[in-house]
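Each chain, letter by letter, is given below.
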Amino acid sequence: MRIGAVASESAPTAALRAGADAPFDLQRVRSDFPILHQRIHGCPLVYLDNAATAQKPQSVIDAVSRFYSRENANIHRGVHHLSEQASAAYDVVREKTARFLNARAAHEVIFTRGTTDSINLVAQSYGRTHLKAGDEILITGMEHHSNIVPWQLLCEQTGARLRAAPLDNAGELRLDEFQRLLNDRPRLVAVVHLSNALGTINPVKRLIGWAHQCGVPVLVDGAQSAPHIPVDVQDLDCDFFAFSGHKLFGPTGVGVLYGRESLLERMPPHQGGGGMIQTVTLEGSTWAPLPAKFEAGTPMIAQVMGLGAALDYVNDVGLSAIAAWESRLLAYATELVSSIAGTRIIGTARLKASVLSFVLDRVHPHDIGTVLDNAGVAIRAGHHCAQPVMQHFGVPATARASFAFYNTLDEVDELGEALHTVKRMFG
Ligand SMILES: Cc1ncc(COP(=O)(O)O)c(C=O)c1O
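This write-up is about the structure you can find in this document. Keep in mind the model is a prediction, meaning the values are calculated, not measured.

### Quick word on the site of the ligand
Part 1 of the reasoning: Surveying the vicinity of the ligand reveals 13 residues, the closest of which are Thr116, Asp221, Gln224, Ser244 and Lys247.
Part 2 of the reasoning: For the ligand, whose free accessible area comes to 390 Å², the fraction covered by protein is 86%.
Part 3 of the reasoning: Residue composition of the shell around the ligand, by class: three nonpolar, eight polar and two charged.

What follows is the structure, encoded as structure tokens:
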């Protein structure tokens, strides 16, 4: 079936259950994630809240622990061995990140605290210098609050106006409306690649092509795409791309902003402090070259080491293999959940990945989440920081199961079993 299609209650799930195994050694992969091997409320943990944050392989935990145990020093400052070693290791992760995204140069990679921080950086640096009263910023109706509120703040500061291209009933972007709004020549487009609330994959390459024809730069919110589908910023031709380390099996507190060099060069620093300057006198300062210009103060060095280990891990498994397995998990889960009477899938786009949002008649998503938790199944219930999406679908909240490559078909069965328990309880 097409992922996202809603099956009838009697739809056989067996065909989707059978067939090829994961295109990697799933049990070996699972053994790399220590947190997965525990019981919650007496039941084996089934972790299906990966869109909120992903679990960490032992190699990431070790990288952070090793840094603090043996390697800790501040970077780009000291002349002593540990500092030089930490500086070199930090720079290696930047190069690794550039390769991961296929950026042209390592200095197009800025380390931030996460996607939210990356988007705020662009809003405050690019936005405040390039937008003025009356200008428009174009987003979509399926953005995470992180890709709405920074622009609203910018609008308050500059007098610019925020507009959003609407969705259809499947949770797909209305491309005709997007093009219509582009004709009004916004000064910036900011669009989510993979919706955390719906699972919709937006055709960002096409959107970017259209925006560039109008001379409009595009920021892609890749918080959910970077961990699940291969990303190539040169192929997409995006101007900015943001993601978070913690959703990509790395530590919290670190993220990435990719920026096109020609744009980053023209942008002023958004924060001042140590590390981002060339010269300082009491009369004024000049800025360090990229990427230091945007990394004021002591950065999150240990977290960057962890991010490096996470990128190595993901590269080892392979994003194409990850995407293939997660697509299978999503198809199976969609079929299974749809077959339970009274469920409604929220977000049935033709192209989806890793996220299954749903509601169940007469049961609040928080109650679903609580009953599932009692069975050891961790999902998310709420508005997923995407309240406009909830408003569009006329629901206050959804239950959301979100998958990672270490999830199994058996775990999807556990989700189904637990949902039957919910139905029995709230019948
Ligand atoms: C699509 C999307 N954008 C942005 C964010 C914000 O990420 P972070 O909280 O790591 O900054 C999230 C987090 O869930 C997200 O799913």
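That shown, we press on.
### Quick look at the pattern of salt bridges
Part 1 of the reasoning: The tally for this structure, following the rule as stated, stands at 20 salt bridges.
Part 2 of the reasoning: When the shortest N-O distance is used, the salt bridge between Glu108 and Arg104 registers 3.9 Å.
Part 3 of the reasoning: What makes Glu108 buried here is its relative accessible area of 2%.
Part 4 of the reasoning: The partner of Arg163 in a salt bridge is Glu136, with the nearest N and O atoms 3.2 Å apart. Of this pair, Arg163 sits in strand 6 (residues 161-165) while Glu136 sits in strand 5 (residues 136-140), and the two are 27 residues apart along the sequence.
Part 5 of the reasoning: One connected set of salt bridges, linked through shared partners, spans Glu136, Arg161, Arg163 and Asp184.

### Overview of the pairing of strand 17 (residues 398-402)
Part 1 of the reasoning: When you tally the buried positions in strand 17, you get five out of five residues, the bulk of the element.
Part 2 of the reasoning: In strand 17, alternate side chains face the same way, and those of Thr398, Arg400 and Ser402 on one face and Ala399 and Ala401 on the other are all buried.
Part 3 of the reasoning: Two elements, strand 16 (residues 380-382) and strand 17, share three bridges in a ladder whose sense is antiparallel. Across the sheet, Gly382 pairs through a bridge with Thr398, a residue of strand 17.

### Considering the packing of helix 3 (residues 58-71) against helix 11 (residues 301-317)
Part 1 of the reasoning: Interaxial distance between helix 3 and helix 11 falls to 8 Å at its minimum, and their mutual angle equals 150°. Overall, the two elements helix 3 and helix 11 adopt an arrangement that is roughly antiparallel. Viewed along their axes, helix 3 and helix 11 form a crossing whose handedness is right-handed. Residues Ser59, Val60, Ala63, Val64, Phe67 and Tyr68 of helix 3 lie in contact with helix 11, whose contacting residues are Ile301, Ala302, Gln303, Met305, Gly306, Ala309, Ala310 and Tyr313.
Part 2 of the reasoning: In the contact of helix 3 with helix 11, the residues fall into 11 nonpolar, three polar and no charged.

### Thoughts on the sheet that holds strand 8 (residues 218-221)
Strand pairs in the sheet, formed through backbone hydrogen bonds, run parallel or antiparallel to each other.
Part 1 of the reasoning: Spatially, seven strands are ordered 4-10-9-8-7-5-6 in an open sheet, and the strand pairing comes out mixed. For this open sheet the edge positions go to strand 4 (109-112) and strand 6, each flanked by a neighbour on one side alone. On average, each strand axis in the sheet is inclined to that of its neighbour by 20°, with strand direction left out of account.
Part 2 of the reasoning: Sheet topology note: the strand 5/strand 7 (residues 188-192) ladder contains two bridges and is parallel. Bridged to Ile137 within strand 7 is Leu188.

What counts and how
- Residues numbered from 1 in each chain as written.
- Predicted model: local features only at pLDDT ≥ 70, side-chain atom pairs only at ≥ 80, totals over all residues.
- Heavy atoms only, no water.
- Near = heavy atom within 4 Å.
- Areas by Shrake-Rupley, 256 points an atom, 1.4 Å probe, with all protein chains shown as cover.
- Nonpolar A, V, L, I, M, F, W, Y, C, P; charged D, E, K, R; others polar.
- Salt bridge = Lys/Arg side-chain N within 4 Å of Asp/Glu carboxyl O.
- Buried < 20%, exposed > 50% of the residue type's maximum accessible area, 1.4 Å probe, protein only.
- Helix = DSSP H or I, 4+ residues; strand = E, 2+ residues; numbered from the N terminus.
- Pairing = 2+ DSSP bridges.
- Axes fitted to C-alpha atoms, helices over the stretch in contact; angles between N-to-C directions.
- Parallel < 35°, antiparallel > 145°, perpendicular 65-115°, else oblique.
- Left-handed = near helix turned anticlockwise from the far one by under 90°.
- Contact = heavy atoms within 4.5 Å.

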